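Here are the chains, one letter per residue:
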Amino acid sequence: MKAVMDRHRNAVYLLVLIAVAVGLWLPRLRGPLDLRYDAGVYYILGHSLAQGNGYRLLNEPGEIRAIQYPPLLPLLAAATQRLGGSGDAAIAGHWLRISFFGLFVAFAVSVYWLSRCYLASGLAFLATLLMLLHVHTTWMSELFFTELPFAFTSVLFLLAARKGTARSQEWLLGTLGAVSFLLRTSGIALLAAWVGESLIRRRPRRMAFRVALALIPVLAWQGYIAHVKGGPEYTQVSYEYQRAGYQFYNVGYLENLAYVDSFVPELGTLSSQLLVKRIARNLVHMPASFGEAVSVDSERLENGPKRVNKHFESLGVPLWLAEVPSVVLGALVFFGLVLLTLRGEWLMILYVVGSVVLVCLTPWPKQFMRYAWPLTPLLALAFFTALAEVQNRLAKAAFRGRSMVRVALVLVVVFGVFSTQMVALGRSYEDSVKTSYKSQTGEQREYRLFFYTPAWQHHDAAVDWLAGEANPREIVATSTPHWVYLKTGLRAVMPPFEPNVRLAQQLMDSVPVSYLIVDHLEFVDISRRYAAPIVEELPEHWELIYSSAERGSRIYRRVTSEESKGF
């Protein structure tokens, strides 16, 4: 009877979770998947594969070979383009959106079953719901990034590891681990955890087998990188700074991470002492990052103190108070991870620890939410593991006989987390912006984009204008080269990260750049720091030909030698 009731509850919970997942997607099933940011890189690489050109960045002069991202997500883009019969981002992008919708629903189901391995059905339901309602869950499923498929395969890996240790099971785990790594380089943490678990459990023969399987995808990818770097094409660049370490899409992770700040290369490269400081600084932020992974980011919580200060200036509420809830929740998550460690869940814990180590090596604290998001199902599981333990301890201690008070304490935490998430998620949907794309028949069709800020809207207007102005052979310098290429078909590069204006001009001459876009995008200020000074200090080389708004994107055209004679 109990087994029947359990199956009934699981079925009900799964149906609710599937309904929530579908409900989150119904308003956004139209249009192509968002191809901004890194998504454009993955799509372009997939387009190159679909055309039979190899693994190349088609936006770059010379169509250079890519070595940063493993190839599995671009292969999905290539397969979608081939099956859909079109490389048009508006068409293939729509089928990618449909595929991510299916992946999203499957991910929700897999997270519930993984949580069910450790928690009672009700808590497993809440842990999965918490993951689904996180703003970044919607955001990461909206972009053609590796985060969603990687999180899905890592959950499948952990689920498969619960099924036994037969040789066939080990082959399955090796395959899932390879898929995870070939989606995202940080999948090496999953493979290392798999090997480490057998070491902790003192099973040397199994460890040797796992090492052999884990090395296959790692050595294959590293072998490809070594082959590209060792070839003449890598050194015979199309322009002078094409393979500079700060050109983060054109080089490997090691070259990029060697800088103190890869967005500000003039700060120099890392020393061992600076690396230790970076890791220590990132570790300090980790408790808050864990808390944000099961609630909302601290920047959203800062709106409360900001509103209070606006209406009551004399109070002067410090903004750091907004981080307190995240730190408290992070402490609960950490407590849950400790409990899982004590229960011998080594594979999961080693994977979390390995992922944290990789994140701490990076110089981009603002990207922590994105990097930590694939861990959200595990952190949510740890969070509810901790809450269950806290409730049990309160039942045995001071609150004996006061069950209502004990339950209320836990409910306050749970309600606070879910209500905050619902408000943040609701605002994200409300703030999503209608835009349009051109269908295969040529008609404009509406769809919605998340975090499509006015700066992005102005930038897109500028890029659309440039598409009708530029010659197909001309080259654009912009902080969004892959997006510009997808929208216009023009070759596009990033400007040199060079503070010396005259040297920067010489570097752009080596491309040569015909158009320079200075934007006001919030996520990175590359063009404002490095491109804007060029046009301001060398006006004889550049003329303003487009300006969308006071804080919009501006387009400058190179003044040719014939034109400059008239100055």
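Structure: above.
Quick look at the structure, then. Quick caveat: nothing in here was measured; it's all calculated off a predicted structure.

About the criteria used
- Residues numbered from 1 in each chain as written.
- Predicted model: local features only at pLDDT ≥ 70, side-chain atom pairs only at ≥ 80, totals over all residues.
- Heavy atoms only, no water.
- 1 Å grid on protein atoms, 1.4 Å probe; cavity = no way out; pocket = protein on both sides within 12 Å on 5 of 7 lines; lining within 4 Å.
- Points joined across faces, edges and corners; volume = space filled by probe spheres on them.
- Nonpolar A, V, L, I, M, F, W, Y, C, P; charged D, E, K, R; others polar.
- Helix = DSSP H or I, 4+ residues; strand = E, 2+ residues; numbered from the N terminus.
- Expected span 1.5 Å × (residues − 1).
- Buried < 20%, exposed > 50% of the residue type's maximum accessible area, 1.4 Å probe, protein only.
- Phe/Tyr/Trp six-rings, centres within 6.5 Å; stacked < 30°, edge-to-face > 60°.

Applying the stated rule across the entire model yields two cavities of 30 Å³ or more. Each pocket or cavity is described by its volume, and for the largest cavity that value is around 40 Å³. Looking at the largest cavity, the residues that line it are N59, E60, Q247, Y249, N250, P481, H482, V493 and M494. Residue composition of the lining of the largest cavity, grouped by class: four nonpolar, four polar and one charged. Counting residues per element, the ones that place at least two in the lining of the second largest cavity are α13 (272–293) and α17 (346–360).

Now for unusual backbone geometry. For the bond running from V511 to P512, omega is -5°, close enough to zero to count as cis. Note on placement: P512 falls in the loop between α23 (501–509) and β5 (515–518). In the Ramachandran plot, Y37 falls in the positive-phi region, its phi being about 60° despite a non-glycine side chain. Here Y37 shows up in the loop between α1 (2–25) and α2 (38–50).

Bringing helix α5 (residues 121–133) into the picture now. Spanning 13 residues, α5 covers 18 Å between terminal C-alpha atoms, matching the ideal 18 Å at 1.5 Å per step. Among the 13 residues in α5, ten count as buried, and that is most of the element. Buried residues of α5: S121, A124, F125, A127, T128, L129, L130, M131, L132 and L133, and no others.

Here we take up the packing of aromatic side chains. For the structure on display, the rule yields 30 aromatic pairs. Between Y239 and Y241 the ring centres are 4.8 Å apart and the planes differ by 70°, which places this aromatic pair in the edge-to-face class. Each of the two residues, Y239 as well as Y241, counts as buried. Relative to W483, the ring of W456 has its centre 6.3 Å away and its plane inclined at 90°; by these criteria the two rings are edge-to-face. Of this pair, W456 sits in helix α21 (residues 454–467) while W483 is found in helix α22 (residues 481–488), placing the two residues 27 residues apart along the sequence. Feature note: the residues Y37, W139, F451, W456, W483 and F523 constitute an aromatic cluster, connected by ring pairs.

This is a description of form; function is not addressed.
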